[in-house]
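# Breakdown of the fold
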Amino acid sequence: MVDSAAIVLAGGRSSRMGSPKAALDWHGSTLLRRVTGIVGRAVAGPVVVVSAPGQALPELAASVEVVADPREGRGPLQGLAAGLAAIGDRAQGAYVSSTDVPLLHPGFVQYVLRRLGDDFDVVLPEIGGYRQPLSAAYRVDLLGTVDELIAADKMRPAFLFERCRVLHLSGEAMLEDRVLARLDPRLESVSNLNEPADYQRAHALPAPEVQVRRFGPLALRDTPRLQSVRAWTLGDAAAAVGLTLDEHVVAALNGDQITRDPHLPLAAGDAVAFMVADAGG
Amino acid sequence: MRRSPPGGYFGKVLIVDLGTGSGRTAPLEESVLRSYIGGAGLGTWLMHRYCPAGIDPLDPRAPLAFVFSPLVGTPLTTSAKFAVVGKSPLTGRLTDALASSHFAIAGKLTGHDAIVIHGACQQPSVLVIDQGEVSLAPAGNLWGSPADHTETTLRERMGPAWRVAAIGPAGERGVRYATISHDGRHAGRGGLGAVMGSKLCKAIAVRGRGKVASADPAGVLAVAKDLRERSFGPATAKYRELGTMSNLLTFNAISTLPTRNFSAARFEGAQALDVGEVSALKQVARSSCASCSIGCEHLVKGPGGKKTRMEYENLFALGPLCGVSDPEAVVAASSLCDELGLDTISTGGTVAWAMECAERGLIDAPWLRFGNGDALLSAIAQIGAREGIGDLLAEGSRAAARTVGDGSEAFAAHVKGLELPGYEPRTLQSMALGLAVNPRGADHNRSGAYEADLSGDHDRLNGGESHVAGAIGTENRAAIMDSLILCKFLRKVFTDPYPEWATLLNLVTGWDVDADELERTAQRIVLAKRMFNLREGWTRAEDWLPDRFLSESLELESGRKATLTADRLDAMISSYYRGRGLEPSGVPQPSTVEELELQALTTDLDK
């Protein structure tokens, strides 16, 4: 696995949806906030949002970088070039995502990035008979090739795939990975939303099931230490067990980062540890 | 004509020559008191003033200072604390060990802001300080006894108004991480108990009948009441309700629990050592230090029904660090450390090093294995007696590894010779920096940088500029709390600490210190410690972590690797030096010396 970053393309026109997808509500947050948060959980390097020129974006985590696509409406290769240029030498590979995949799982992102080694330039899932170029991983040093294609006005991703080493991954092959099969058994990570009906269907789905554990004095109340709750965000999970993320309460997600960001997106299988902020000696 | 000392001070230090059993006082100028406050800060100044450069810490001429503070004796919660300051026999650098007890109040009310002892008694003795009168009494059969027995016996003999600080057998035998204890608490880190033992001083008994007034007694009373009420709030809930033992499961969940000599950061036996398990099994009482409203102490029943204080550091060091999950064994080990007068962190760290070496065949001790509670107890007993392998381990992990050689140095988890506390540096990278650069060595009380890592404000696995800022900030705040002195368990009670601390100090002293001055004072104290070490031969190479932390990654539950590279640590240290106004070599820049008014200390460097 190479050092990784993420690019989220937010500059699409959302013409079938009727309103900008990036700002669509997602259970108190927004679609873009959720997707950037999910990919941010899966990569160690920067998360770059590529917007259209002058596009207003919803509020994002402070760590997310935003770059404007210099030319609007020229498709994903243009956005890919802007994102790869912004990453520069800070990572060797990048997961590239669209904005409209609220069921994206960080385990899916990690799986795809893991396959991007020295032997391939692109890892391209093919799920349900379709290539998924906006749920794929790219080596950052493809930037020169992408720029050449743009200069030649060859704007379709297929032109890029013809010129580099692509690992094609079928859905069946991906689900042979036991961890991914457990976290995202139907590979809903690639389910995108094109029309209002898609959005409404997805929005009505139950929140992912996560395990919550309370530590220290937070565990003193008359509730079990370990609870299973459904929550789209960390704030929802806290509320579900009667806690508020404030100056006295922080959380660790899957034993990893410490955070008190209530908008941090959660995904199925997550383990959330709530602890007092003063966790030291 | 000399001015009256400011409120909260007597303006003088008692200097005792144990060789003659005589004492004299020396003035402490107001400018010194305002610049260094008290406790660890004033103790540092006293070491610059009275410690001969380059002296062996166990040489009779090496001074040992018991330093009080302007807040001692006020009704401010947690203020009954004092610092023991000296050159550490474990590190060869400055160390200051704090403790809370009635000794602080009685010691100060002898009429002194500090007591400095030097020289050595002709025979094992008790130093008796009755107000300003100094004398020596033979220790007799107290020599060889545990510190708590010594304290109890002396108070029964001399009367309840007397307060006693004593060493245990480990201090007498020169174990380099021996403690000084009183009221069942220890001035623990750095081996100052061995310094006292080298002077054949079993105990110091003090009786204070003096009085010291605050500049604004009514104002002090009002803020004391407010602080006391705030000390019952959520910022101290953990300490009050569970004590620091509750850190163990939390740290295990976030891969921050040092396990089997730092070879892992999660311990499969952690659940058995949870505060709930230990307390349900053995808890007998909760308690608090003198003048404290938090009450963090959780006493459990040790061997023979003896009350043993359990907190996170002794639980981690004698439990997961040695791979021991049996709570009975861990409590017994802690109780034995108390009885012998041993710092539990350095004891656990040194035994864990020996266990790893034994398992790797580097030392011949087939009985010494991770997870073996009986072996742990046996090793501690041998350390206290300096018998068998204990004589080697009594030197601490750094010196023991140098003796054993054969690559064993790679497994000695120390900085400057001081064994690491219970915070995994690879998963707490602001703390990694704090551990590396602190003058005392690997220490969590002078550098609480873990606070920045656990705040959620930065990626704790990816050390950078924000981690440096976190380390400097917590180090500065610790310098003030350790000099005022207030318990760090209060730290989250202060929402805007420097102005609030300045208010407390001004009400007691009558000064007009503001937040900016106090922050400069913090920087001055931190650098004064560094300058003492410079005088004693410190080089930049000492501000570093053992190679294990820079060459072995840890895998978190999330699957992410926690890696701390030498390049990253070096970059953070360089940034820390810039932030502190130091040269790349770690020496203070002339402009920093001038700005912080440290010129008087630079002359020490030439000694």
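Residues numbered from 1 in each chain as written. Chains lettered and ligands numbered in written order. Predicted model: local features only at pLDDT ≥ 70, side-chain atom pairs only at ≥ 80, totals over all residues.

## Topic: the overall build of chain A
A count of helices and strands for chain A gives nine helices and 15 strands. Over its C-alpha trace chain A gives a radius of gyration of 19 Å, about what one expects of a compact globule, namely 19 Å for 281 residues. Overall size of chain A, expressed as C-alpha extent along the three principal axes, is 65 × 40 × 40 Å. Within chain A, buried positions represent 52% of all 281 residues. Taking the contacts inside chain A whose residues are at least 6 apart along the sequence as the reference set, 69% of them involve residues at least 24 apart. (Helix = DSSP H or I, 4+ residues; strand = E, 2+ residues; numbered from the N terminus. Rg over C-alpha atoms; globule rule 2.2 N^0.38 Å. Buried ≥ 20, exposed ≤ 12 C-beta atoms within 10 Å, placed from the backbone. Contact = placed C-beta atoms within 7 Å.)

## Examining the overall build of chain B
The helix and strand inventory of chain B stands at 25 helices and 19 strands. Taken over the C-alpha trace, chain B has a radius of gyration of 22 Å; the compact-globule value for 607 residues is 25 Å, and the two agree within 12%. Taking all 607 residues of chain B together, 62% fall into the buried category. A separation threshold of at least 6 residues defines the contact pool for chain B, and within that pool the share at least 24 residues apart is 70%.

## Here's the deal with the nonpolar core
Counting 295 residues, the largest nonpolar core has A:Ala94, A:Tyr95 and B:Ala354 as its most contacted members. Residue contributions to this core peak at nine residues, all from helix H21 (residues 515-535) of chain B. Those residues in contact with A:Ala94 that sit more than four places away from it in its chain are A:Ser4, A:Ala5, A:Ala6, A:Ile7, A:Gly83, A:Leu84, A:Ile87, A:Ala137, A:Tyr138 and A:Val140. (Core = buried A, V, L, I, M, F, W, Y, C linked by C-beta atoms within 7 Å.)

## Observations concerning the environment of A:Leu32
Within the secondary structure layout, A:Leu32 lies in helix H1 (residues 31-42). Taking the C-alpha atoms as reference points, A:Leu32 and A:Ala22, separated by 10 residues in sequence, lie 4.7 Å from one another.

## Section: unusual backbone geometry
Here the bond from B:Leu484 into B:Ile485 is cis, since omega is -10°, no more than 30 degrees from zero. With a phi close to 50°, A:His27 is a non-glycine residue in the positive phi region. You can see A:His27 is positioned in the loop between strand E2 (25-26) and strand E3 (29-30). Non-glycine residue A:Asp153 carries a positive phi angle of around 60°. The topology assignment puts A:Asp153 in the loop between helix H4 (143-151) and helix H5 (157-162).

## With respect to the environment of A:Val249
Residues and elements named next belong to chain A. On the secondary structure map, Val-249 appears in strand E13 (residues 249-253). Judged by the 17 C-beta atoms lying within 10 Å of it, Val-249 falls in the partly exposed class. Sequence separation between Val-249 and Thr-36 is 213 residues; the distance between their C-alpha atoms is 24 Å. In this structure Val-249 touches Leu-218, Leu-243, Thr-244, Phe-274, Val-276 and Ala-277, once residues within four positions along its chain are discounted.

## Considering the packing of helix H7 (residues 217-230) of chain B against helix H20 (residues 497-509) of chain B
All names here are of chain B. Two elements in contact, H7 and H20, have axes whose closest approach is 8 Å; the angle formed by their N-to-C orientations is 150°. Here H7 and H20 pass one another in a crossing that is left-handed. Contacts between H7 and H20 involve Gly-219, Val-220 and Val-223 from the former and Thr-503, Leu-504, Leu-507 and Val-508 from the latter. Of the residues in the contact of H7 with H20, the class split is five nonpolar, two polar and no charged. (Axes fitted to C-alpha atoms, helices over the stretch in contact; angles between N-to-C directions. Left-handed = near helix turned anticlockwise from the far one by under 90°. Nonpolar A, V, L, I, M, F, W, Y, C, P; charged D, E, K, R; others polar.)

## Topic: the sheet that holds strand E1 (residues 12-17) of chain B
Residue and element names in this part refer to chain B. Strand order across the open sheet formed by six strands is E2-E1-E6-E3-E4-E5, with mixed pairing between neighbours. Unpaired on one side and paired on the other, strand E2 (22-27) and strand E5 (94-100) mark the two borders of the sheet. Adjacent strand axes in the sheet meet at a mean angle of 20°, parallel and antiparallel pairs treated alike. Pairing geometry for strand E4 (residues 81-87) and E5, over seven bridges, is antiparallel. Directly across from Ala-83, in E5, lies its bridge partner Leu-98. Helix H2 (residues 39-50) rests against E1, strand E3 (64-67), E4, E5 and strand E6 (114-118) of the sheet, and its axis sits at about 30° to E4. (Pairing = 2+ DSSP bridges.)

## What to know about the pairing of E2(B)
Residues and elements named next belong to chain B. Across six bridges, E1 lies against E2 in antiparallel orientation. By the bridge assignment, Val-13 is partnered in E2 with Ala-26. Connecting E1 to the next strand, E2, in antiparallel fashion are four residues, including Gly-21 with a positive phi near 70°.

## A look at the interface of chain B and chain A
At the junction of the two partners, chain B supplies 30 residues and chain A supplies 22 residues. Elements with a minimum of two residues in the side of chain B that touches chain A: helix H8 (237-241), helix H9 (247-253), helix H11 (312-318) and helix H18 (450-453) of chain B. At four residues, the largest contribution of residues to the side of chain B that touches chain A is made by H9(B). Grouping the amino acids of the side of chain B that touches chain A by side-chain chemistry returns 11 nonpolar, 10 polar and nine charged.

## Section: the sheet that holds strand E12 (residues 226-230) of chain A
Strand pairing in a sheet relies on backbone hydrogen bonds, with the paired strands running either antiparallel or parallel. Residues and elements named next belong to chain A. Read across the open sheet, the five strands follow the order E12-E11-E15-E13-E14; overall the sheet is mixed. Edge positions in the sheet fall to E12 and strand E14 (258-259), since each of these pairs with one other strand and no more. The pairing of E13 with E14 spans two bridges and is classified as antiparallel. Residue pairing in the sheet places Ala-251 in a bridge with Thr-259 of E14.

## Considerations on the confidence of the model for chain B
Chain-level statistics for chain B give a pLDDT mean of 94 and a share of 98% at 70 or above. Across the interfaces of the predicted complex, the ipTM metric reaches 0.86, alongside a pTM of 0.92. (pLDDT = per-residue confidence, 0-100.)

## Quick word on the packing of helix H19 (residues 465-484) of chain B against helix H23 (residues 566-580) of chain B
All names here are of chain B. Packing of H19 against H23 leaves a shortest axis separation of 9 Å and a crossing angle of 50°. By the criterion of interaxial angle, the relationship of H19 to H23 is oblique. Judged by the twist between their axes, the crossing of H19 over H23 is right-handed. Contact residues: H19 offers Glu-465, His-467, Val-468, Ala-471 and Ile-472, while H23 offers Met-572, Ser-575, Tyr-576, Gly-579 and Arg-580. (Parallel < 35°, antiparallel > 145°, perpendicular 65-115°, else oblique.)

## Observations concerning helix H16 (residues 397-404) of chain B
All names here are of chain B. For H16, the full list of buried residues reads Ser-397, Arg-398, Ala-400 and Ala-401. Buried residues of H16, seen end-on, are gathered within an arc of 165° and therefore sit on one face of the element. The outward face of H16, more than 90 degrees from its buried face, is lined by the exposed residues Arg-402 and Thr-403. Looking at the buried side of H16, the elements it contacts are helix H13 (344-359), helix H15 (389-393), strand E16 (414-415) and strand E17 (418-419). In the stretch just after H16, Gly-405 is the one whose phi turns positive, near 60°. (Arc of directions from axis to C-beta.)

## Focus: the pairing of strand E6 (residues 93-98) of chain A
Remark: a regular strand shows side chains that alternate across the two faces of the sheet. All names here are of chain A. Of all six residues that make up E6, six are buried, and the element is covered over most of its length. As paired elements, E6 and strand E9 (residues 135-139) share five bridges and run antiparallel to each other. Each residue of the ladder has a partner; that of Tyr-95, found in E9, is Ala-137.

## Quick look at the confidence of the model for chain A
When the pLDDT values of chain A are averaged, the result is 92; 97% of them are 70 or greater. Between the elements of chain A, mean pLDDT differs from a low of 92, seen in E14(A), to a high of 98, seen in E9(A).

## Things to note about H7(B)
Residues and elements named next belong to chain B. Here H7 is 14 residues long and its end C-alpha atoms lie 20 Å apart, about the 20 Å a rise of 1.5 Å per residue gives. Along H7, the residues that are buried comprise Val-220, Ala-224 and Leu-227. The arc that holds every buried residue of H7, seen down its axis, measures 70°, which confines them to one face. Turned more than 90 degrees away from the buried face of H7 sit Ala-218, Ala-222, Asp-226 and Glu-229, all of them exposed. At its buried positions, H7 is contacted by H20. (Expected span 1.5 Å × (residues − 1).)

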